[in-house]
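Residue-level listing of the chains:
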Amino acid sequence: MLHVNPSWKNWQLLTDKGRQIWAFKPRSNNINEHLQNADDITDQEIAQFAVDFQFEKAINPNSGDKVFRNAAINAKFKAFAGQMPQADNPAQQKVIASLVKGMNYFACLQSEDGHWPGDYGGPLFLLPGLLIASYLADTPFPKAHREMMQLYLFNHQNQDAGWGMHIEGESTMFGTVMQYVSLRLLGVDKDHPQLAKARTWIKDNGGATGIPSWGKFYLAVLNCYDWQGFNSLFPEMWLFPKWLPVHPWRYWCHSRMVYLPMAYCYAERIKAPENELILSLREEIYSEDFAAIDWPKQRNAVCEKDCYTTPSPVLKWMNFFTNNYEKFKCAWLRKKSTDYILSYLNAEDEQTDYINIGPVNQAINSICIWHAYGKDSIQFKKHVERWYDYLWVAEDGMKMNGYNGSQLWDTAFASRAMLESDLGKLFPETIAKSYRFIELSQIRTEHATHAEFFRHPMIGSWPFSTAENGWPVADCTAEGLSATLAIHHSGLVEPAIDEQRIKQAVDVILSYQNTDGGWATYELTRAPKWLEKLNPSEVFADIMIDYSWTECTAACVISLLEIQDIYPDFKNMEIRKAISAGLDFIVKQQKADGSWYGGWAVCFTYATWFGVEALSRAKGKGYYDDRIITDSMNKACTFLLAKQKADGGWGETFKSCSTLVYSEAKSSQVVNTAWALLALMTADFPDKTVIEKGVNLLLSRQTELGDWPQENISGVFNYNCMITYANYRNIFPLWSLSRYYSRYVRNAV
Ligand SMILES: CC(C)=CCC[C@@H](C)[C@H]1CC[C@@]2(C)C3=C(CC[C@]12C)[C@@]1(C)CC[C@H](O)C(C)(C)[C@@H]1CC3
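Residues numbered from 1 in each chain as written. Predicted model: local features only at pLDDT ≥ 70, side-chain atom pairs only at ≥ 80, totals over all residues. Heavy atoms only, no water.

### Some details on the overall build of the protein
The helix and strand inventory of the protein stands at 27 helices and six strands. Its C-alpha atoms give the protein a radius of gyration of 25 Å, within 12% of the compact-globule value 27 Å for 749 residues. Considered along the principal axes of its C-alpha atoms, the protein spans approximately 80 × 60 × 45 Å. Looking at the protein as a whole, 66% of its 749 residues qualify as buried. Within the protein, residue pairs in contact and separated by at least 24 positions form 74% of the contacts whose partners lie at least 6 positions apart. On the protein, roughly 27000 Å² of surface is accessible, and the fraction owed to carbon and sulfur atoms is 53%. Separation between the mean location of the 72 positive side-chain charges and that of the 84 negative ones in the protein comes to 2 Å. (Helix = DSSP H or I, 4+ residues; strand = E, 2+ residues; numbered from the N terminus. Rg over C-alpha atoms; globule rule 2.2 N^0.38 Å. Buried < 20%, exposed > 50% of the residue type's maximum accessible area, 1.4 Å probe, protein only. Contact = heavy atoms within 4.5 Å. Areas by Shrake-Rupley, 256 points an atom, 1.4 Å probe, with all protein chains shown as cover. Lys, Arg positive; Asp, Glu negative; His and termini not counted. Charge placed at Lys NZ, Arg CZ, Asp CG, Glu CD.)

Rendered as structure tokens:
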């Protein structure tokens with residue numbers, strides 16, 4: 001039995017078609033019924049929370065996702081009882097045993113609906129946004145939730161009393177002020193010793209006037225910052241003609257969907273009514289007297305600990321005009337802009353069933369909808385129900401996830417990892433359940449308003465999380481498709497995704513290819529790179545347009561290669577051309593040292609795996625010059641070899657992502673090791689001892705039950721913010737052991 005603290009038992013995860021809701025002492029397993037009931041919690045239970053959710057950030061800031069996992073394991077775990085395949089030597093038998101044990105453990109974590117739930121926290125600027133929305137709209141979370149959020153925020157305070165952008169980051173003004181304010185909104189007294197120390201941090205670093213623009217926005221809404229200290233968001237730009245390169249329809253959809261509701265709040269200068277708490281906060285977070293602050297001067301003030309990108313001269317020049325425009329603005333045009341913005345917000349709400357594309361616009365849309373239609377409106381209530389889709393409980397408390405989950409992504413990877421060797425067939429029910437989830441997550445229809453609101457056509461695509469979220473993603477479609485093909489190939493299921501649906505997925509993938517040969521995330525690249533000069537966020541890079549990425553391109557190329565094998569006659573010429581151009585993009589992205597930079601996980605090991613995987617699969621098939629492929633793969637192997645640690649593993653830190661230079665972790669990391677091994681094996685790296693050393697490291701880190709430890713944070717976005725992928729610690733070691741088994745063990749038996 002794994003250890004379960006008493007109050008962990010009171011938190012249960014309810015799931016339904018990928019939807020994940022943490023319920024405190026649920027009276028029903030039905031999510032909708034549960035959401036109608038308020039938490040029922042005693043003082044004694046609250047006191048117990050503080051005992052049970054103690055978490056030592058100093059040891060490892062990453063949760064092991066124990067609340068979910070330990071409960072699942074205790075309820076469902078059974079040692080594998082099937083027929084264990086036999087190898088002819090003990091070393092190989094060890095690999096088989098580890099793989100079977102690892103899959104058996106991981107299978108227990110699968111939910112009834114077929115997906116793998118998991119912690120998707122990490123960023124620390126998400127929960128504060130939601131808490132501000134809930135405060136403003138006077139719609140508090142139930143007591144049990146508030147207590148858990150408080151514990152989470154305290155658990156992630158750094159030694160120096162500040163907080164970072166994310167759980168592993170050094171303290172920043174953004175992180176510190178946002179968590180400080182959140183704790184105060186949750187009812188913590190300003191004299192609490194941890195808050196007193198945090199205040200010292202804030203004041204020592206110049207006070208909240210130096211908070212970056214997203215923080216200025218949240219504080220302004222809370223009436224703890226003056227809107228005059230905020231650069232105009234020029235709401236009229238939403239009325240620009242579409243052909244203009246700066247029209248927001250061309251932005252990366254995440255930026256578009258965040259700046260949209262922000263512009264509404266700015267236009268309306270939404271702010272909480274002044275009250276005792278607000279007045280007190282104004283005194284707590286500034287180094288000077290609030291009333292005496294010269295607000296317009298603060299527009300570009302950013303604490304040096306927060307600066308990641310610096311505003312370009314073009315942006316400053318544009319701000320000069322848009323800020324001045326505010327003095328002369330035309331009321332009629334402003335009204336027309338906010339009406340348009342509101343209609344767009346409503347469309348996003350309806351298209352996603354109020355989940356929204358992500359955690360940031362969920363919070364800000366809620367604020368706009370509350371402002372426009374009131375607390376009792378149906379729209380606002382629907383938002384509130386969806387707040388819970390983003391909350392996650394782990395042993396560090398309650399956090400806001402970076403998305404409404406990573407359901408489809410993890411399920412697709414998990415299926416592919418297991419089916420990489422035929423040992424995966426020892427778990428037919430797990431695969432069948434995954435398949436059901438993948439099947440129900442494929443997007444089958446278009447929204448009536450998709451063209452009006454600039455959505456990429458999506459029939460046949462897959463989303464990152466759930467069909468209800470429904471935002472299609474290029475590489476999620478590729479992973480969904482590859483997983484479908486792998487499962488069909490295994491013969492374990494009766495195919496429910498027919499040829500037509502497979503071909504629709506292929507069409508979506510083709511429709512996503514950019515003119516540079518690569519694939520971006522949710523949409524095509526819709527504007528030139530210079531638009532990045534207008535990036536107003538000082539904390540994220542490359543957020544203005546959707547760029548082609550090595551990982552996304554590799555995933556799409558791989559799925560198209562698989563399609564060519566199965567349906568060689570389907571759009572043959574078109575697909576061949578797409579693959580060749582994709583390979584060319586990948587080759588060009590490779591760095592001189594042989595590595596690739598990864599934009600969505602840590603970091604060079606991640607993208608190098610993707611790059612090598614795509615190239616090796618294309619080799620010898622006439623899509624590209626094989627000499628170039630071989631040379632590129634050799635360079636990649638040389639790079640990986642140079643990074644292998646003495647214990648046989650690989651380890652990278654998140655610093656690689658923000659500095660763009662490989663940053664070696666103190667100790668090997670199972671996830672990085674697995675990526676490096678996958679790459680070396682697919683490249684047929686000749687020195688088997690290198691691979692064996694890596695495999696041995698994975699074997700040595702595996703726990704008794706078949707799990708692997710949660711080590712450093714492994715996901716990232718926009719170069720500078722890290723995000724947890726709780727299931728990676730299982731998926732990638734399993735994948736890499738499966739590959740090892742099928743290449744080196746099975747053939748040897
Ligand atoms: C700055 C803002 C708006 C923060 C909110 C967080 C989102 C932007 C993040 C959270 C999850 C996230 C990292 C994600 C992605 C983009 C950015 C997201 C949506 C994508 C879809 C990009 C393509 C990647 O290959 C992959 C599929 C792994 C990720 C998945 C998660």
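### Looking at the site of the ligand
Taken together, the neighbourhood of the ligand is formed by 21 residues, with Tyr120, His254, Gly402, Phe464 and Asp475 sitting nearest. One of the side-chain nitrogen or oxygen atoms of Asp475 is found 2.4 Å away from an oxygen atom of the ligand. In isolation the ligand offers 630 Å² of accessible surface; the protein chains occlude 99% of this area. Of all the secondary structure elements, the ones that give two or more residues to the shell around the ligand are helix H10 (253-268) and helix H18 (474-490). (Near = heavy atom within 4 Å. Polar contact = N/O pair within 3.5 Å; in protein donor to acceptor, adjacent residues only side chain to side chain.)

### Considerations on the nonpolar core
Trp11, Phe125, Leu219, Trp519 and Phe732 are the most contacted members of the largest nonpolar core, which totals 261 residues. Ignoring sequence-local partners within four residues, the contact set of Phe125 consists of Met165, Phe174, Gln179, Trp214, Tyr218, Val360, Phe540, Phe717 and Cys721. (Core = buried A, V, L, I, M, F, W, Y, C linked by side-chain atoms within 4.5 Å.)

### Here we look at the UniProt feature "domain: Squalene cyclase N-terminal" (unreviewed entry) in the protein
Within the UniProt annotation, "domain: Squalene cyclase N-terminal" (unreviewed entry) is assigned to residues 104-375. End C-alpha atoms of residues 104-375 are separated by 47 Å, and the span's content is 51% helix alongside 0% strand. (UniProt positions renumbered as here; feature names shortened; annotations may be inferred.)

### Comments concerning the UniProt feature "domain: Squalene cyclase C-terminal" (unreviewed entry) in the protein
Here the UniProt feature "domain: Squalene cyclase C-terminal" (unreviewed entry) sits at residues 406-740. Regarding residues 406-740, the helix share stands at 51% and the strand share at 2%, and the terminal C-alpha atoms are separated by 27 Å.

### Regarding the side chain of Gln644
Relative to the elements of secondary structure, Gln644 occurs in the loop between helix H23 (626-643) and helix H24 (655-659). If we ignore the near neighbours within four places in the chain, the residues touching Gln644 are Gly649, Trp650, Val690, Lys693 and Gly694.

### Overview of the pairing of strand E4 (residues 397-400)
Where strand E3 (residues 391-394) lies against E4, four bridges are found, and the strand directions are antiparallel. Within E4, the position partnered with Leu391 by the bridge is Met400. A loop of two residues connects E3 with E4, the two strands running antiparallel in sequence. (Pairing = 2+ DSSP bridges.)

### Considerations on the pairing of strand E2 (residues 19-24)
Most of E2 is tucked away, with six of its six residues classed as buried. Burial along E2 is two-sided: the residues Arg19, Ile21 and Ala23 and Gln20, Trp22 and Phe24 are all buried. Alignment of strand E1 (residues 11-16) against E2, held across six bridges, turns out to be antiparallel. Counterpart to Gln12 in the pairing with E2 is Ala23.

### A short note on the confidence of the model for the protein
Of the residues in the protein, 100% reach a pLDDT of 70 or more, and the chain-wide mean stands at 96. Model confidence for the complex: the whole-complex pTM is 0.97, and ipTM, which rates the interface, is 0.95. (pLDDT = per-residue confidence, 0-100.)

### Points about the pattern of salt bridges
Enumeration over the complete set of coordinates arrives at 40 salt bridges. Between Glu420 and Arg739 there is a salt bridge, with the nearest N and O atoms lying 2.9 Å from each other. One end of the pair, Glu420, is in the loop between helix H16 (407-419) and helix H17 (428-441); the other, Arg739, is in helix H27 (residues 728-745), and 319 residues separate them in sequence. (Salt bridge = Lys/Arg side-chain N within 4 Å of Asp/Glu carboxyl O.)

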